[in-house]
Amino acid sequence: MPKLNENYLNLKENYLFAEIADRVNTYTAANPEKKVIRLGIGDVTLPIVSEAIAQFHEGVDELASAKTFKGYGPYEGYAFLREAIVSYYARNGICITADEVFVSDGAKSDTGNITDLFGKDNAILIPDPVYPVYVDTNIMDGRSISYMDATIENDFLPMPDHNIHADIIYLCSPNNPTGAAYNKQQLKEWVDYALKNDAIILYDSAYECFITDETLPRSIFCIENARNCAIEFCSLSKTAGFTGTRCGYTIIPKDLKYTSSNGAQLSLNALWYRRQATKFNGVSYIVQKGAAAVFSEKGMAQCKENIKYYQENARIISAGLAKKGIRYYGGVNSPYIWFECPNNMDSWNFFDYLLNNAQVVGTPGAGFGKNGQKFFRLTSFGNHENTIEAMERIDKLF
Ligand code: PLP
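Here goes a summary of the coordinates provided. Please read all numbers here as calculations on a predicted model, not as lab measurements.

1. Some thoughts on the overall build of the protein
Link 1 in the chain: Regarding its fold elements, the protein presents twelve helices and 15 strands.
Link 2 in the chain: Computed over its C-alpha atoms, the radius of gyration of the protein comes to 21 Å, within 12% of the 21 Å expected for a compact globule of 398 residues.
Link 3 in the chain: Projected onto the principal axes, the alpha-carbon positions of the protein cover approximately 60 × 60 × 55 Å.
Link 4 in the chain: A separation of at least 24 residues holds for 73% of the contacts in the protein among residues at least 6 apart in sequence.
Link 5 in the chain: Measuring between centres, the 38 positive side-chain charges of the protein sit 3 Å from its 46 negative side-chain charges.

2. Quick notes on the side chain of E232
Link 1 in the chain: On the secondary structure map, E232 appears in strand β7 (residues 230-235).
Link 2 in the chain: No salt bridge is formed by the buried E232, whose closest oppositely charged neighbour, R218, lies at an N-O distance of 9.8 Å.
Link 3 in the chain: A distance of 2.7 Å separates a polar side-chain atom of E232 from the backbone nitrogen of I220.
Link 4 in the chain: Aside from chain neighbours lying at most four places away, what touches E232 is Y89, Y203, S205, R218, S219, I220, F221, Y249, T250 and I251.

3. Topic: the sheet that holds strand β15 (residues 375-379)
Link 1 in the chain: Taken together, the four strands give an open sheet; going across it, the order is β11-β12-β15-β14, and neighbouring strands pair in antiparallel fashion. Among the strands making up the open sheet, the edge pair consists of β11 (328-330) and β14 (363-364).
Link 2 in the chain: Pairing of strand β12 (residues 336-340) with β15, which is carried by five bridges, proceeds in the antiparallel orientation. Directly across from E340, in β15, lies its bridge partner F375.

4. So, the nonpolar core
Link 1 in the chain: Counting 91 residues, the largest nonpolar core has I169, I201, F242 and Y249 as its most contacted members.
Link 2 in the chain: In this view, I169 contacts L125, M148, W190, Y193, A199, I200, I201 and L202; residues no more than four positions away in its chain are not counted.
Link 3 in the chain: Counting residues in hydrophobic clusters, the runner-up holds 26 residues, among them I114, I126, V133 and C172.

5. Section: the environment of V103
Link 1 in the chain: Take V103: it is sitting in strand β2 (residues 101-104).
Link 2 in the chain: On the basis of relative accessibility, which here comes to 2%, the residue V103 falls in the buried class.
Link 3 in the chain: Distance in space between the C-alpha atoms of V103 and G241 is 16 Å, their sequence separation being 138 residues.
Link 4 in the chain: Non-local contacts of V103, meaning those with residues more than four positions away in its chain, are made with Y75, E76, G77, L81, R82, C247, G248, Y249, F280, V283 and Q288.

6. A short note on the side chain of E208
Link 1 in the chain: Relative to the elements of secondary structure, E208 occurs in the loop between β6 (200-204) and β7.
Link 2 in the chain: For E208, the side chain forms a polar contact with the side chain of R218, separated by 2.8 Å.
Link 3 in the chain: E208 has contacts with Y88, P174, R218 and C234, leaving out every residue within four places of it along the chain.

7. Overview of the pairing of strand β4 (residues 145-149)
Link 1 in the chain: For strand β3 (residues 124-128) and β4, the ladder comprises five bridges, and the chain directions are parallel. When the bridges of β4 are listed, D128 appears paired with D149.
Link 2 in the chain: Following the chain from β3 across helix α5 (residues 132-140) to the adjacent parallel β4, one finds a crossover that is right-handed.

8. Quick notes on the environment of T111
Link 1 in the chain: Looking at the secondary structure, you find T111 in helix α4 (residues 107-113).
Link 2 in the chain: Its relative accessible area of 2% is what places T111 among the buried residues.
Link 3 in the chain: The spatial distance from the C-alpha of T111 to the C-alpha of T178 is 19 Å, given a sequence separation of 67 residues.
Link 4 in the chain: Apart from the residues lying within four places of it in its own chain, the contact partners of T111 are Y131, V133, Y134, T137, Y170, D204 and F233.
Link 5 in the chain: At 2.7 Å, the side chain of T111 and the backbone oxygen of A107 are in polar contact.
Link 6 in the chain: At a separation of 3.2 Å, a polar atom in the side chain of T111 contacts the main-chain carbonyl oxygen of K108.

9. Notes on the sheet that holds β7
Link 1 in the chain: The sheet built from seven strands is open, its strands ordered β2-β8-β7-β6-β5-β3-β4 with mixed pairing. A strand with exactly one partner marks an edge of an open sheet, and here the two such strands are β2 and β4. On average, adjacent strands in this sheet sit at an angle of 20° to one another, irrespective of strand direction.
Link 2 in the chain: Direction of pairing for strand β5 (residues 168-172) relative to β6: parallel, over a ladder of five bridges. Considered in β6, the bridge of C172 is made with D204.

Rules and cut-offs
- Residues numbered from 1 in each chain as written.
- Predicted model: local features only at pLDDT ≥ 70, side-chain atom pairs only at ≥ 80, totals over all residues.
- Heavy atoms only, no water.
- Helix = DSSP H or I, 4+ residues; strand = E, 2+ residues; numbered from the N terminus.
- Rg over C-alpha atoms; globule rule 2.2 N^0.38 Å.
- Contact = heavy atoms within 4.5 Å.
- Lys, Arg positive; Asp, Glu negative; His and termini not counted.
- Charge placed at Lys NZ, Arg CZ, Asp CG, Glu CD.
- Buried < 20%, exposed > 50% of the residue type's maximum accessible area, 1.4 Å probe, protein only.
- Salt bridge = Lys/Arg side-chain N within 4 Å of Asp/Glu carboxyl O.
- Polar contact = N/O pair within 3.5 Å; in protein donor to acceptor, adjacent residues only side chain to side chain.
- Pairing = 2+ DSSP bridges.
- Core = buried A, V, L, I, M, F, W, Y, C linked by side-chain atoms within 4.5 Å.
- Right-handed = clockwise from strand over helix to strand, strands pointing away.
- Axes fitted to C-alpha atoms, helices over the stretch in contact; angles between N-to-C directions.

Below, the structure written as structure tokens:
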């Protein structure tokens, strides 16, 4: 009989968004006449920008001809896309090289898969609340996790505690679910802590394109020496509407080296290449062609228009909550609005209350950690009409 990975027994029974989908499906099956508005899962609603769509079409045509057909691509992604990413970073004043970029099928996969590179006995530090993937993937591997509290008191931006040792630190900025974003000084403190403790920062910048405050960092690599202590994960999901199409990238600087138990210097860039070459056969050529168009000036300008649309939704949600006297956070440099559940309600109770009485779906904060117990997340990724209607319904509720 196979021995199973019993670490799975330590996971919550359901992935957060699967639990939400179950509850919504049960409700809609019982109430088919009710219009449910979904502002829960962070999925986009606007179509992919035309610059990328044109390249998808061209990619399809290339595959139709023997002369231009492409089979397996490079494990790390096509050079044309990696170079487009390098020039996007350069436009933001950050210097990386194409051989530090690994194209992926999304930041979820890579933030989960990266644990392959690390031993089981690392001290892991993860903010609470947090994107659940960081926690669950470490539990799957049997690692124990220390949590750092992200609360109203620290603006949901936990800072290093020099009395605690960590080997691996997860940071997500702008943050899912709280919408908080680190400034440069705060990120520098994290980089300094990581260098002092010989730790690594796993930095998820999946929402960097929502940053409107020019002083905020879009990448950890704008902090000096971060190349010696950080890996960055990013995604085209929210930047360009690739949630279904799937494309992201991970940047592993060549400078990132750690000493193994036999004294050898190991490059994480080389280890990740080795890992990807074994377990990953790349993202489709068509998708990579479309992704490269996203990083062109024209493609990015189109993406920014879509982001503005979502930012207007965030404004509508924020204004609606403010009107009800509900304290909210985020929604400015982030697509997420995070707020305390009214009347001191528990977040799953508030989820059910909102679904049953207003047919609005949000995300209960408890799904992101114990500090989310009394909080709720709404996303700006719906369409304007639904967002306005959802806030009107909430307005009438209490
Ligand atoms: N990282 C964070 C913080 C997210 O919130 C999400 C998706 O919601 C992802 C990564 C997943 O990105 P992708 O769609 O590229 O897998």
